[in-house]
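# Results of the structural survey
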Amino acid sequence: MKAKLLGSMSKYFGEDKKRIDHARKVLAYAEQIMEQEGGDREVVVAAAILHDIGIQAAEKKYNSTAGKYQQIEGPPIAEEILRQYSFPREKISEVLQIIGHHHSGGIYSINFEILWDADWLVNLPEEIDLKDKVRLKKFVDKIFKTPTGKMMAAEMYL
């Protein structure tokens, strides 16, 4: 399933190497976090691969890549991809819920927390000055949800 979803995500993004690479990095971090934190592998892998799948639709529809628009546009696109591969029906709604909240939060499950932390591990350098270690430490402590995600952030950036 993972290879199929990666293929569909890559095909959907086409020549947009930046977004393909981002999804692959988030997936790699999510898999590392999952080794320590548990979680449902199918849900986490699907959410990691497809979490930003709505970004191009958001650009077209709203002329913006803002997270709130990705969260609106992503779930219907992800659902179509997941159904195409007979992804387990009972897990589709959780994947879509994660995609629909991956910028705003508000979901309290280990699967969501793994995706959240993995996405932040990739995005952190774009969001905060990595040279300001005091502010960075406070940010990591506040934003990251899993012990493994916090540890990885500290190892990578502090």
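Coordinates for the structure precede this section.
Residues numbered from 1 in each chain as written. Predicted model: local features only at pLDDT ≥ 70, side-chain atom pairs only at ≥ 80, totals over all residues. Heavy atoms only, no water.

### As for the overall build of the chain
Looking only at helices and strands, one finds nine helices and zero strands in the chain. Along its sequence from the N terminus, the chain presents helices and strands in the succession α-α-α-α-α-α-α-α-α. The C-alpha radius of gyration computed for the chain amounts to 15 Å, which stays within 12% of the reference 15 Å derived for 158 residues, consistent with globular compactness. Expressed along its principal axes, the backbone C-alpha trace of the chain runs to roughly 45 × 35 × 25 Å. (Helix = DSSP H or I, 4+ residues; strand = E, 2+ residues; numbered from the N terminus. Rg over C-alpha atoms; globule rule 2.2 N^0.38 Å.)

### Observations concerning the side chain of Asn 111
Relative to the assigned elements, Asn 111 resides in helix H7 (residues 110–127). Looking at Asn 111, its side chain comes within polar contact range of the main-chain nitrogen of Asp 40, at 2.7 Å. Excluding its chain neighbours within four sequence positions, the residues that come into contact with Asn 111 are Gly 39, Asp 40, Val 43, Val 44, Glu 94 and Ile 98. (Polar contact = N/O pair within 3.5 Å; in protein donor to acceptor, adjacent residues only side chain to side chain. Contact = heavy atoms within 4.5 Å.)

### Concerning unusual backbone geometry
Leave glycine aside and you will find that most residues have negative phi; peptide bonds, for their part, are mostly trans. Despite not being glycine, Asn 63 has its phi angle at roughly 55 degrees, a positive value. In this fold, Asn 63 is placed in the loop between helix H4 (55–62) and helix H5 (67–84). The class of Asn 63 is exposed, set by a relative accessible area of 70%. Residues other than glycine seldom take positive phi values, yet Ser 86 does so here, at roughly 55 degrees. (Buried < 20%, exposed > 50% of the residue type's maximum accessible area, 1.4 Å probe, protein only.)

### So, the packing of helix H2 (residues 17–37) against H7
Two elements in contact, H2 and H7, have axes whose closest approach is 8 Å; the angle formed by their N-to-C orientations is 130 degrees. The orientation of H2 relative to H7 falls into the category oblique. The chirality of how H2 crosses H7 is right-handed. Residues His 22, Lys 25, Val 26, Tyr 29, Ala 30, Ile 33, Met 34 and Glu 37 of H2 form the contact with H7, whose participating residues are Ile 110, Ile 114, Leu 115, Asp 117, Ala 118, Asp 119, Leu 121, Val 122 and Asn 123. Its residues assigned to classes, the contact of H2 with H7 shows 11 nonpolar, two polar and four charged. (Axes fitted to C-alpha atoms, helices over the stretch in contact; angles between N-to-C directions. Parallel < 35°, antiparallel > 145°, perpendicular 65-115°, else oblique. Left-handed = near helix turned anticlockwise from the far one by under 90°. Nonpolar A, V, L, I, M, F, W, Y, C, P; charged D, E, K, R; others polar.)

### Concerning the environment of Arg 19
Within the element layout of this structure, Arg 19 appears in helix H2. Setting aside residues no more than four positions away along its own chain, Arg 19 makes contact with Phe 13, Ile 55, Gln 56, Glu 59 and Thr 65.

### Here we look at the side chain of Glu 73
Tracing the chain through its elements places Glu 73 in helix H5. Taking relative accessible area as the criterion, Glu 73 reaches 13% and is therefore assigned buried. One polar contact links Glu 73 to Tyr 62, side chain to side chain, over a distance of 3.1 Å.

### Let's talk about helix H3 (residues 41–50)
Of all 10 residues in H3, eight are buried, a share of seventy percent or more. Looking at H3, one finds that the buried residues are Val 43, Val 44, Val 45, Ala 46, Ala 47, Ala 48, Ile 49 and Leu 50. With a side-chain oxygen positioned 3.0 Å from the backbone nitrogen of Glu 42, the residue opening H3 is Asp 40.

Such coordinate-based values are descriptive only and should not be taken to indicate function.
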